[in-house]
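# Fold and contact review
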Amino acid sequence: MKRSAFNRGIAALLLGGAAALAAAPAAQAQDFPGHPIELVVTFAAGGGTDALARAMADASRTHLSQPIVVLNKPGAAGGIGLTDVANSKPDGYKLALVTADMVIIPHLGLTKTTYEKFTPIIQLNADPSAITVAADSPYNTIEEFLDAARAKPEMMQVGNAGVGSIWHLAAAALEDKSGAKFNHIPFNGGNPAVLALLGGHIDAVAVSPAEVIQYVKAGKLKTLAVMADQRVPGFENVPTLKERNIDLSIGTWRGIAAPKDTPQPVLDKLGAAFRQAAAEDSLKRFMAEQNLGYVLADQQAFTALMARDNATFRGLIEKFDMRQ
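I will try to describe carefully the structure that is included in this document. One numbering rule holds for all chains: residues counted from 1, following each sequence as written. Given that the model is predicted, a residue must reach a pLDDT of at least 70 before its local features are reported, and side-chain atom pairs must reach 80 or more before they are shown or counted; all residues, however, enter totals for whole chains, interfaces and linings. Excluded from the side-chain calculation are hydrogens and water; included are all heavy atoms of the structure.

## A short note on the overall build of the protein
- To qualify as a helix, a DSSP run of H or I must reach at least 4 residues; to qualify as a strand, a run of E must reach at least 2; elements of each kind are numbered from the N terminus. Along the backbone of the protein there are eleven helices and eleven strands.
- Three labels apply to residues, based on accessible area from a 1.4 Å probe with only protein chains included: buried if under 20% of the type maximum, exposed if over 50%, partly exposed otherwise in between. Within the span of the protein, comprising 324 residues, buried residues form 48% of the whole.
- Within the protein, contacts between residues separated by at least 24 positions form 77% of all contacts whose residues are at least 6 apart in sequence.
- Residue-level accessible areas treat just the shown protein chains as cover; the underlying method is Shrake-Rupley with a 1.4 Å probe. On the protein, roughly 15,100 Å² of surface is accessible, and the fraction owed to carbon and sulfur atoms is 53%.
- Within this scheme the basic residues Lys and Arg register as positive and the acidic residues Asp and Glu register as negative, but His and the chain ends are omitted. A single reference atom marks each charge: NZ on Lys, CZ on Arg, CG on Asp, CD on Glu. Here the protein holds 30 positive side-chain charges and 31 negative ones, and the gap between their average locations is 8 Å. By the convention used here, residues are in contact when the closest approach between their heavy atoms is within 4.5 Å.

## Remarks on helix α7 (residues 190–198)
- Three or more residues of α7 are buried, namely Gly190, Ala193, Val194, Ala196 and Leu197. Along the long axis of α7, the arc covered by the buried residues comes to 155°, so they all point the same way.
- Its buried side turned inward, α7 meets β5 (130–134), β6 (156–160), β8 (204–207), α8 (213–217) and β9 (221–226).
- One or two residues past the end of α7 sits Gly200, with phi positive at roughly 80°. Note that the arc is computed from the directions linking the helix axis to the C-beta atoms.

## A word on the pairing of strand β3 (residues 94–99)
- A large share of β3 lies buried, amounting to six of its six residues.
- Residue alternation in β3 divides its side chains into two sets, Lys94, Ala96 and Val98 and Leu95, Leu97 and Thr99, and both sets are buried.
- A pair of strands is treated as paired once DSSP finds two or more bridges between them. Examined bridge by bridge, strand β1 (residues 37–41) and β3 share four bridges and lie parallel to one another. Within the sheet, the bridge partner assigned to Val40 lies in β3 and is Ala96.
- Both β3 and strand β10 (residues 251–259) contribute to a ladder of four bridges, which runs antiparallel.

## Observations regarding the pattern of salt bridges
- Note on definitions: salt bridges are taken to be side-chain nitrogens of Lys or Arg within 4 Å of carboxyl oxygens of Asp or Glu. Summed over the entire model, instances satisfying the criterion amount to 13 salt bridges.
- Between Lys94 and Glu38 there is a salt bridge; the shortest N-O distance is 3.7 Å. Separated by 56 residues along the polypeptide, Lys94 in strand β3 and Glu38 in strand β1 bring together distant segments of the chain.
- On the basis of relative accessibility, which here comes to 16%, the residue Lys94 falls in the buried class.
- As a salt-bridge pair, Arg150 and Asp147 come within 2.8 Å of each other at their nearest N and O atoms.

## Things to note about the sheet that holds strand β11 (residues 294–297)
- One open sheet holds the six strands; their spatial order is β2-β1-β3-β10-β4-β11, and the pairing between them is mixed. A strand with exactly one partner marks an edge of an open sheet, and here the two such strands are β2 (68–72) and β11. Each strand axis lies, on average, 25° off the axis of its neighbour in the sheet, ignoring direction.
- Note that β1 and β2 share five bridges and pair parallel. The angle between two axes is taken between their N-to-C directions and runs from 0 to 180 degrees, where each axis is a line fitted to C-alpha atoms and a helix contributes only its stretch in contact.

## Points about the environment of Leu221
- Examined against the element boundaries, Leu221 turns out to sit in strand β9.
- Since its relative accessible area comes to 4%, Leu221 is described here as buried.
- Considering only alpha carbons, one finds Leu221 and Asp247, 26 residues apart in sequence, at a separation of 25 Å.

## Some words on the environment of Met227
- When you line up the elements, Met227 lands in the loop between β9 and β10.
- Given a relative accessible area of 1%, Met227 falls into the buried group.
- Separated by 19 residues in the primary sequence, Met227 and Ile246 have C-alpha atoms spaced 9.2 Å apart.
- The residues contacting Met227, other than those within four sequence positions of it, are Pro128, Ser129, Ile131, Ala170, Leu174, Leu241, Leu248, Ser249 and Ile250.

## Quick look at the packing of helix α6 (residues 166–178) against helix α11 (residues 299–319)
- One way to put it is that α6 packs onto α11 with a least axis distance of 10 Å and a crossing angle of 75°. The orientation of α6 relative to α11 falls into the category roughly perpendicular. Here Ile166, Leu169, Ala172, Ala173 and Asp176 of α6 lie close against α11, whose contacting residues are Phe313, Leu316, Ile317 and Lys319.
- Residue classes follow a fixed rule: Ala, Val, Leu, Ile, Met, Phe, Trp, Tyr, Cys and Pro count as nonpolar, while Asp, Glu, Lys and Arg count as charged, and any other residue, Gly among them, counts as polar. When the residues that make up the contact of α6 with α11 are grouped by side-chain class, the tally is seven nonpolar, no polar and two charged. If an angle is under 35 degrees, it is roughly parallel; if it is over 145, roughly antiparallel; if it lies from 65 to 115, roughly perpendicular; otherwise it is oblique.

Structure below.
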């Protein structure tokens, strides 16, 4: 009897301990946030990703009891900042403004930090790639452009934002789907590639519509096709590749993620606040002014997107031997 009572006592203690552990994340979320939250941008200040992070921090002020502090940690194509956040305490107080680069650079050999070391919270943006040429280019349709590239393999000079960049991958994916062969010309970013196109130094660029819109509106460039599921605002007269029977949709995206193992109640609280912030007119106006595609996706959908693109980009990098 004494042993039975002892065993019952031990069982009660174990059950009580398990209940306390189960209740801990909920209690943590109830008190969260108790001090400012850091949002790490993996690129230098001044770019579109940095601007989105700061706009999101401002829009979140009325939806979180503590401010969001934006910190820039550039280097290794984003790898330094991603590794810093992935290795931080998973308590919701250090987050990352992530981009599609996070599922590209591990396969290039630039970092060992993969997307699997994070838990996505919310996707805020998506921008497809687009094929754009000079206004006086002889190519007026994507079919004419691709036919010319097939006729003279590796003679069509297509600019991108650097070896292994999302725009390099987009052009490579178009090669893979269409049978064309381009001469890929890397630049230190999308804007220098566009300037080279304006100067007549290359035949086309594979960058986002946002990076060419001002020149398209000015009549200096023309976009032949966008790599999206639907036509893009501001480019309503430009067909998607899918409309031209090329099954390709590819581009970049941005969102917010936390280190893996961050308690779900904390993630839920952050997700709710960020959804409210993303619905603010001030954020929507900012994104429209910056020509950033507004896309809102929750944790589950954002996770699925990361997994899909990780597989796609890994395959392209291996096939086109882009590993550095």
